[in-house]
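In case you want the letters, here they are:
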Amino acid sequence: MRRKIKNKGKLADSSSALEIQKQKMKSIATPKVDVDLSNQILISSGIDAIQKFNQLSKGKSAVEPSNDNTDQMDVDAMAIHFSEVILMDILSRLPVKSLLRFKCVSKFWEKLISDPYLKMKHLNRAKNDQDSQKLLTSLRCRNNGICSMYCCPLSPVQLVEDVQKLDFPSNPTPFPCTIHCCYDGLAVMEVPGNLNEDTTFLLWNPSTRESIELPSPEFRLNKSSSFGLGYDSTSSEYKIVQIFQNMDLPCEIFVLKGGSWKRSVKHPHGIYSLMFAVQFLTFAHAAFHWIGMSRNHAVMVSFSILNEVHGEIPLPEEISVSDVIGVTLLDGMLSLHSNRPYDQSNSTIKLWVLKEYGIKKSWIPFLSIEDPYIVYAIPKYRFPDGEVLFMCLVGGSLRTLSGPFGAWPEGHTLLEAHAFTESLISPRSPVFGVQCHL
């Protein structure tokens, strides 16, 4: 490509222009990976990012023009050299719905948006983006018993138009399915079969609607088990863990890379039962967590995803064995909730957060409430303003201290609710050999 170089009002000869061009291209031939692109392109979020994307998709430069022709040569060359990096930075800021639409533009865009690096970069940004936090719910129609899936934003103000009904990842069934757990935008589901058909286990991304069928666990004789989903950063793979209330059965681990279940070690000696409120295993600090009983007192049990070793974390001394106890994740910290019932219509709910992992004295009281509408409740999410969203097991509803949450269709009963971060992670290829640092 020929370029005219101005020199004191005259055109330089072709050899001088070529030499200048070589020198400038040489200076940027080996760019640093950690170049701060904020000096070349101004990106915020939402509309600005989409506008930049539209400019680049039409072959236009996203860099503001300069009046200095010499400086413009540097900027143009930099924009050409970093075009794909810039595009990924823009795309990582967009919602999943927009990215799925952009995949249809061309094969190049489809390949770029499907890149594992972009998926992890997008996920890391989404975890800190309030607009990417969603709530996945399962509701049952009281008239015909048919189960439906709904998704809505996790914002304090809920509108009817914000609630989106989702198609089942399998053939519709009149029986309610079970959402066992969610992590990184993926959900582990169990769909009961019709008549003599076996139960089906699915790994589903409710944002992209992708799903795969998983092999059934070896032990699935009853419902007295809990599941957890987590990411092993050392092997760059997702793993599913199933534990049982029957202490004679070992844990089962499903490694997505291998595609099969395997038996692991049994529960640590002395822990003989699980508490009532273990609906799913909470994943944090590369380990799964749940509540068990040890020597007549409650304890938090951990199971490392890295070396498959159990551990114990002492609970606050205020915890009583008569309390209904559970563990969840709030603001990235392990949170303990205790329901102390007075009767079926009233109870005290207390919350603690573990500020320093593994240290007993770092349990900090977070919230204590008495509300006749929030009984036998499990905390599901904490909003930026500090409000906590509870799922009430009595009455089957979602509430905060301000009142009911969610604009659900009338005539339905809430079965389950899981907070999740929308992502591009595909259940078909959820193994990544890349690390993304923002």
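Each residue is numbered by its place in its chain's sequence as written, counting from 1. Confidence filtering applies because this is a predicted model: local features only for residues at pLDDT of at least 70, side-chain atom pairs given and counted only at 80 or more, and all residues used for totals across whole chains, interfaces and linings. Side-chain figures throughout are based on the complete set of non-hydrogen atoms in the structure, without hydrogens or water.

The protein is annotated in an unreviewed UniProt entry as F-box protein CPR1-like from Solanum pennellii.

**Regarding the sheet that holds strand β3 (residues 133-141)**
Basically, it comes down to this: A pair of strands counts as paired when DSSP detects no fewer than two bridges linking them. Only DSSP runs of H or I with at least four residues qualify as helices, and only runs of E with at least two residues qualify as strands; both kinds are numbered from the N terminus onward. Inter-axis angles, ranging from 0 to 180 degrees, are taken between N-to-C directions of lines fitted to C-alpha atoms, where helices are fitted over the stretch in contact.
The strand order across the open sheet formed by four strands is β5-β4-β3-β27, and the pairing between neighbours is antiparallel. Bordering the open sheet on either side are β5 (164-166) and β27 (412-421), each of which pairs with just one other strand. Pairwise comparison of adjacent strand axes, ignoring direction, gives a mean angle of 30° for this sheet. Judged from the nine bridges that link them, β3 and β27 form a sheet pairing that is antiparallel. Residue pairing in the sheet places leucine 139 in a bridge with leucine 414 of β27.

**Topic: the nonpolar core**
The test is simple: Take the buried residues of types Ala, Val, Leu, Ile, Met, Phe, Trp, Tyr and Cys, join any two whose side-chain atoms come within 4.5 Å, and each joined set is a nonpolar core. Think of it in three bands: residues with accessible area under 20% of the maximum for their type are buried, residues over 50% are exposed, and the middle band is partly exposed, with areas taken using a 1.4 Å probe on protein chains only. By definition, residues are in contact when any of their heavy atoms lie within 4.5 Å.
With 18 residues, the main nonpolar core has Leu203, Leu214, Leu229, Tyr238 and Ile240 as its most contacted residues. Broken down by secondary-structure element, the contributors of at least two residues to this core are α7 (116-126), β7 (186-191), β8 (200-205), β10 (225-232) and β11 (237-244). With three residues, the single largest contributor to this core is β10. Leaving out residues up to four positions away in the same chain, leucine 229 has contacts with Cys181, Tyr183, Leu186, Val188, Leu203, Tyr238, Lys239, Ile240, Phe283 and Phe288. Grouped together as the second largest cluster of nonpolar side chains are 16 residues, Cys152, Leu154, Val163 and Phe383 included.

**Section: the packing of helix α4 (residues 83-91) against α7**
The angle between the axes and the distance between the axes are what describe a pair of packed helices. We apply this condition: Orientation labels follow simple angle bins: below 35 degrees gives roughly parallel, above 145 gives roughly antiparallel, 65 to 115 gives roughly perpendicular, and whatever is left gives oblique. Handedness of a crossing follows from how the near helix is turned relative to the far one, being left-handed for an anticlockwise turn of less than a right angle and right-handed for a clockwise one. The residue classification treats Ala, Val, Leu, Ile, Met, Phe, Trp, Tyr, Cys and Pro as nonpolar and Asp, Glu, Lys and Arg as charged. All others, Gly included, are polar.
The geometry of α4 relative to α7 is characterised by a closest axis approach of 9 Å and an angle of 40° between their N-to-C directions. With respect to α7, the axis of α4 lies oblique. The handedness of the crossing between α4 and α7 comes out as right-handed. Residue-level inspection shows Met88, Asp89 and Leu91 of α4 in contact with α7, the latter providing Tyr117, Leu118, Lys121, His122 and Arg125. When the residues that make up the contact of α4 with α7 are grouped by side-chain class, the tally is four nonpolar, one polar and three charged.

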